[in-house]
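Residues per chain, in single letters:
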Amino acid sequence: MPVRAIARCKHVHVIVVFTLAAGFAAPARAQKCTVTPTQVKLGETLRISCPAKFNSAKLNERIARLYPQSDGRSFGLFPISVKDKPGSFALIISSEDGAAQNLPIVIRKTVFPSQNVKLAPEIEGLHSTPEEMALLTSFREAISDTRLWHDPLAAPVSGCMTSPFGVKRLHNGKPTGEYHGGVDQRTPDGEPIRAVAAGTITFAKQFNVLGNAVGIDHDQGLESTYLHMSRLAVAPGESVPHSGILGYAGSTGRSTGPHLHWVLYVNGVNVNPAQWIKLQPCSKTR
């Protein structure tokens with residue numbers, strides 16, 4: 001055989017080898033779980049995608065479910081609390097048949113600023129009733145299976161952000177020991193408040209501290225609440241579409257003026273909405 005023909009045959013052989021190798025690699029990748037991001041700040045959310053047989057994720061003592069999706073894989077959200085410790089960890093993914101995968105993640109040290117809020121004595125003196133606390137606890141603990149939310153989420157109002165997630169709160173110069181579990185957006189009195197995603201109204205009522213408030217279950221571990229409204233436009237049990245009107249901005253409850261305080265929960269843990277939605281901070285001159 002001529003030398004030129006031999007070279008051509010070798011070239012074809014190499015292409016076949018690489019093609020077969022790529023064919024074997026693709027199914028292997030499909031059997032692996034992935035997590036994004038792999039480096040996360042305190043208060044942010046991990047997204048986990050796995051083959052269908054995997055149904056739970058665990059980090060330290062926190063466990064989150066993974067749910068079957070329309071693409072044939074399992075997917076779940078995993079919250080990182082502001083109270084978690086920074087460091088390198090293994091996120092343990094498990095299935096009912098005993099299979100497991102360890103996904104390395106890094107929780108980065110996160111410094112949150114302090115913020116003082118001046119409250120009138122009658123406002124500072126407001127406290128939640130035991131019944132209100134029980135309702136909020138049951139809301140955070142309830143998780144539904146059917147996913148109603150889809151990316152991207154939408155901001156509930158258009159105003160700039162006056163207070164970000166995670167700031168350490170002081171009332172009249174005194175530390176409260178609490179952090180800001182949501183975000184505040186500047187919102188004129190009477191502006192419509194809209195749902196960040198489709199879901200089911202769990203509660204819509206007046207609270208002592210929260211004022212007129214709405215809680216939405218978006219399912220598969222995602223929930224949101226909207227506080228201090230002047231009036232409500234929905235009732236418990238109603239289905240609400242993406243960007244559907246929930247009520248109107250106001251200053252009810254423990255509030256110093258018209259604005260919207262809203263919270264995003266993942267499996268009952270407050271998470272930073274700014275990871276999900278781009279929010280513009282108010283300028284210092286405003």
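Residues numbered from 1 in each chain as written. Predicted model: local features only at pLDDT ≥ 70, side-chain atom pairs only at ≥ 80, totals over all residues. Heavy atoms only, no water.

## Some remarks on the overall build of the protein chain
Summing up its helical and strand segments, the protein chain has three helices and 23 strands in all. A buried classification covers 43% of the 286 residues belonging to the protein chain. By sequence separation, contacts in the protein chain at least 24 residues apart represent 65% of the contacts at least 6 residues apart. Total accessible area computed for the protein chain in this model is approximately 15100 Å², and 57% of it derives from carbon and sulfur atoms. (Helix = DSSP H or I, 4+ residues; strand = E, 2+ residues; numbered from the N terminus. Buried < 20%, exposed > 50% of the residue type's maximum accessible area, 1.4 Å probe, protein only. Contact = heavy atoms within 4.5 Å. Areas by Shrake-Rupley, 256 points an atom, 1.4 Å probe, with all protein chains shown as cover.)

## Examining the nonpolar core
In summary, soluble globular proteins display a tendency toward joint burial of nonpolar side chains. In this structure, Leu-91, Ile-93, Tyr-226 and Trp-276 are the most contacted members of the largest nonpolar core, which totals 52 residues. Residue contributions to this core peak at four residues, all from strand 22 (residues 259–266). In this structure, Leu-136, Phe-139, Phe-207 and Leu-210 belong to the second largest nonpolar core, which totals 10 residues. (Core = buried A, V, L, I, M, F, W, Y, C linked by side-chain atoms within 4.5 Å.)

## Focus: the pattern of salt bridges
If you walk through the whole model with that rule in mind, you get four salt bridges. Close ionic contact of Lys-53 with Asp-97 constitutes a salt bridge, the shortest N to O distance being 3.9 Å. Residue Lys-53 is found in the loop between strand 3 (45–50) and strand 4 (54–59), and its partner Asp-97 is found in the loop between strand 8 (87–95) and strand 9 (100–108); the two are separated by 44 residues along the sequence. With a relative accessible area of 43%, Lys-53 lands in the partly exposed category. For Asp-97, a relative accessible area of 55% translates into the label exposed. (Salt bridge = Lys/Arg side-chain N within 4 Å of Asp/Glu carboxyl O.)

## Details of unusual backbone geometry
Trans is the common state for peptide bonds, and a negative phi is the common state for residues other than glycine. Omega for the bond connecting Thr-36 with Pro-37 falls within 30 degrees of zero, at -10°, which places this linkage in the cis form. For Pro-37, the position within the fold is in the loop between strand 1 (34–36) and strand 2 (39–41). With an omega of -5°, the peptide bond between Asp-151 and Pro-152 qualifies as cis. Relative to the helices and strands, Pro-152 is located in the loop between helix 3 (130–141) and strand 11 (161–163). Not every positive phi belongs to a glycine, and Asp-219 is a case in point at roughly 80°.

## Looking at the sheet that holds strand 4
Strands sit in the order 2-9-8-4-5 across an open sheet of five strands; the sheet is mixed. Taken across any chain shown, the strands that pair with only one partner, and hence form the sheet edges, are strand 2 and strand 5 (62–65). Strand-to-strand twist in this sheet, taken as the mean axis angle between neighbours without regard to direction, amounts to 30°. With eight bridges connecting them, strand 8 and strand 9 associate as antiparallel partners. Bridged to Ala-90 within strand 9 is Pro-104. (Pairing = 2+ DSSP bridges. Axes fitted to C-alpha atoms, helices over the stretch in contact; angles between N-to-C directions.)

## Let's talk about the sheet that holds strand 7 (residues 74–79)
Paired through their backbone hydrogen bonds, the strands of a sheet run either parallel or antiparallel. Read across the sheet, four strands follow the order 1-3-7-6 without closing on themselves; strand pairing throughout is antiparallel. Strands with a single pairing partner mark the edges of an open sheet, and in this sheet they are strand 1 and strand 6 (67–68). In this sheet, strand 7 lies alongside strand 6 in antiparallel orientation, the contact comprising two bridges. Note that in strand 7 the partner of Tyr-67 across the bridge is Phe-75.

## Some details on the layout of surface pockets
Here the largest pocket defines a volume of roughly 1300 Å³. In terms of lining, the largest pocket is formed by 43 residues, of which the most central are Arg-169, Glu-178, His-180, Val-209 and His-261. It is helix 3 that provides the largest number of residues to the lining of the largest pocket, a total of five residues. Of the residues in the lining of the largest pocket, the class split is 14 nonpolar, 22 polar and seven charged. (1 Å grid on protein atoms, 1.4 Å probe; cavity = no way out; pocket = protein on both sides within 12 Å on 5 of 7 lines; lining within 4 Å. Points joined across faces, edges and corners; volume = space filled by probe spheres on them. Nonpolar A, V, L, I, M, F, W, Y, C, P; charged D, E, K, R; others polar.)

## Things to note about the packing of aromatic side chains
In this structure the tally under the stated criterion is seven aromatic pairs. Judged by centre distance (6.4 Å) and plane angle (75°), the ring pair of Phe-112 and Phe-165 falls under edge-to-face. Residue Phe-112 is located in the loop between strand 9 and strand 10 (114–117), and its partner Phe-165 is located in the loop between strand 11 and strand 12 (168–171); the two are separated by 53 residues in the primary sequence. With respect to burial, Phe-112 and Phe-165 carry one shared label: buried. Judged by centre distance (6.0 Å) and plane angle (80°), the rings of Phe-139 and Tyr-265 are edge-to-face. Here Tyr-265 lies in strand 22 and Phe-139 lies in helix 3, a separation of 126 residues in the sequence. Like Tyr-265, Phe-139 is buried. Through a chain of ring-to-ring contacts, the aromatic side chains of Phe-139, Phe-203, Phe-207 and Tyr-265 assemble into a single cluster. Positioned above the aromatic ring of Phe-207, the side-chain terminus of Lys-205 is 4.4 Å from the ring centre. (Phe/Tyr/Trp six-rings, centres within 6.5 Å; stacked < 30°, edge-to-face > 60°. Lys NZ or Arg CZ within 6 Å of the ring centre and 35° of its normal.)

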